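Fold and geometry: a report
Read off the chains here:
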Amino acid sequence: MAGNAQAPFHILLVEDEPVIRELVRSMLSDGAVDVVCAANGIEGLKLARDRDFHLILMDVVLPQLDGVSVCRILKSDPATAKVPLYMLTGKAKKADVESATQAGADGYIHKPFRGAELMDLVERLRAARSAAD
């Protein structure tokens, strides 16, 4: 990912699998992108409310509070409703996608995902943010 002089692009990754957390963090983090990780839904919800993020990547199956519930809570709160939230999950049934969409998810990325797919998403959102500034 190309670095530039603009302020860092902050991503919250809520994922209970340590290997996936580290993979996504190492894939996306550079001088222009900062990835903060949470290991469960409660921690992710707290971080999303306490800090400003430009993108939230959320697993569906999480300990303590599932990703669809966290999504619903964040999308119903005016302080976090406008943050793009993409589900990053292996749950690929049509009902799973519909449930996430009804909760307010902006997109759905299936595991196993391609690194290029995540990097393209981040670049698109960074470009849109730069255009809006």
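Residues numbered from 1 in each chain as written. Predicted model: local features only at pLDDT ≥ 70, side-chain atom pairs only at ≥ 80, totals over all residues. Heavy atoms only, no water.

If you look the protein up in an unreviewed UniProt entry, it shows as Response regulator from Corallococcus coralloides.

Here we take up the pattern of salt bridges. Applying the stated criterion across every chain, the model contains seven salt bridges. With its nearest N and O atoms 3.9 Å apart, the salt bridge here joins Lys 94 to Glu 98. Taken together, the residues span about one helical turn, with Lys 94 and Glu 98 both in helix 4 (residues 94-103) at a distance of four residues. Linking Glu 123 and Arg 126 is a salt bridge whose minimum nitrogen-to-oxygen distance equals 3.0 Å. In this pair, Glu 123 and Arg 126 are both assigned in helix 5 (residues 115-132), three residues apart and thus about one turn of the helix distant. For Glu 123, a relative accessible area of 33% puts it in the partly exposed group. A network of salt bridges, in which partner residues are shared, links Glu 15, Asp 59 and Lys 111. (Salt bridge = Lys/Arg side-chain N within 4 Å of Asp/Glu carboxyl O. Helix = DSSP H or I, 4+ residues; strand = E, 2+ residues; numbered from the N terminus. Buried < 20%, exposed > 50% of the residue type's maximum accessible area, 1.4 Å probe, protein only.)

Let us look at the sheet that holds strand 2 (residues 33-38). Reading across from one edge, 2-1-3-4-5 is the order of the five strands in this open sheet, with parallel pairing throughout. Looking at which strands have only one partner, the edges of the open sheet turn out to be strand 2 and strand 5 (107-110). Ignoring which end each strand starts from, the neighbouring axes of this sheet average 20 degrees apart. In this fold helix 3 (residues 67-75) packs onto strand 3 (55-58) and strand 4 (85-89), with an angle of close to 180 degrees to the strand it touches most, strand 4. (Pairing = 2+ DSSP bridges. Axes fitted to C-alpha atoms, helices over the stretch in contact; angles between N-to-C directions. Contact = heavy atoms within 4.5 Å.)

Right, let's talk about helix 5 for a bit. If you check helix 5, its first and last C-alpha atoms are 26 Å apart, about what 18 residues at 1.5 Å a residue would give, namely 26 Å. When helix 5 is considered as a whole, its buried residues turn out to be Leu 118, Leu 121, Val 122, Leu 125, Arg 126 and Arg 129. Axial view of helix 5: buried residues confined to an arc of 125 degrees, hence all on one face. Away from its buried face, by an angle of more than 90 degrees, helix 5 presents the exposed residues Arg 124 and Ala 131. Buried positions along helix 5 lie against strand 1 (9-14), helix 1 (18-28), strand 2, strand 3, strand 4 and strand 5. (Expected span 1.5 Å × (residues − 1). Arc of directions from axis to C-beta.)

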